[in-house]
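Overview (structure and organization)
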Amino acid sequence: MQAHLMVLGQHSLQSVFQLHPQLPSVVEALHMHQHILLSGLAGSSKALAVAALSEKTGGQHLVVCTDKEAAAYFYNDLENLYAERDLDFNKKQVLFYPTSYRKPYEPEKLDNTFILSRAEVLGRWSVSERKTLVVTYPEALCEKVVSRNYLSKNTLKLKTGEKVSLDFVSDVLAEYNFERVDFVVEPGQFS
């Protein structure tokens, strides 16, 4: 027991997972584009295993948990693992992909924060070459998203120093269903 504790004292938990004898065969399967189902892991060991795999393979990984609560816990575990390594959170490696709704399948109760999170994940996923872990759950994956072409056609791009009429910008934002308010406090509003 004492020798085991000494080993853990010399290495981080994540590096211990990277030394696991089955890790090379799992990495090989991922490189061959096979889907992986990890079983027999409990608690935060799942996040440690996924983080170790991500370090070994690089690229983008999608982790689908059974439900929103499980995904939130898993995301939190991964976020804490990467925060311990003092990573720059402007280059955040772990993202959460939620549904757009406060309650499942109730379109009248959209949550603008969730919509913003989804947009960030989709944007990063489409252009990112670096290591990115996206944690989600089935309901979020089943929700439709706009195509890249539609998004490109309906994006207003402004450049620094460009002169644009405020009425034009206001009309475009109103057309895109932004809400005009006195003070902006959440995504989907403008002032």
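On to unusual backbone geometry. A positive phi angle is found at Asn 177, which is not glycine, with a value near 65°. With respect to the secondary-structure elements, Asn 177 resides in the loop between α9 (166–175) and β4 (179–180). Owing to a relative accessible area of 70%, Asn 177 belongs among the exposed residues under this scheme.

The space that makes up the largest pocket amounts to roughly 1500 Å³. When residues of the lining of the largest pocket are traced back to their parent elements, those giving at least two are α6 (112–127) and α8 (148–153). A total of ten residues in the lining of the largest pocket trace back to one element, the largest contributor, which is α6. Taken together, the residues of the lining of the largest pocket sort by class into 16 nonpolar, ten polar and five charged. In this structure, the second largest pocket spans a volume of roughly 960 Å³. Lining the second largest pocket are 29 residues, and of these Ile 36, Leu 38, Val 50, Val 63 and Val 64 lie nearest its centre.

Each value, and the rule that gives it
Along each chain, the written sequence defines residue order, and numbers are assigned to residues from 1. Predicted model: local features are reported for residues with pLDDT of at least 70 only, side-chain atom pairs are reported and counted for 80 or more only, and whole-chain, interface and lining totals are derived from all residues. Remark: hydrogens and water are excluded; side-chain values derive from all non-hydrogen atoms of the structure. A helix here means a DSSP run of H or I that spans at least four residues, while a strand means a run of E at least two residues long, and both kinds are numbered starting from the N terminus. For each residue, the accessible area found with a 1.4 Å probe, counting protein chains only, is set against the maximum for its type, and the residue is called buried under 20%, exposed over 50%, and partly exposed in between. Using only the protein atoms, space was sampled on a 1 Å grid; points where a 1.4 Å probe fits but cannot get out form cavities, open sets with protein on both sides within 12 Å along at least five of seven lines form pockets, and lining residues are those with an atom within 4 Å of a point. Grid points are joined across faces, edges and corners, and a volume is the space filled by probe spheres set on the points. Gly counts as polar in this scheme, as do all residues outside two lists: the nonpolar Ala, Val, Leu, Ile, Met, Phe, Trp, Tyr, Cys and Pro, and the charged Asp, Glu, Lys and Arg.

In short, shape yes, function no, at least from these values alone.
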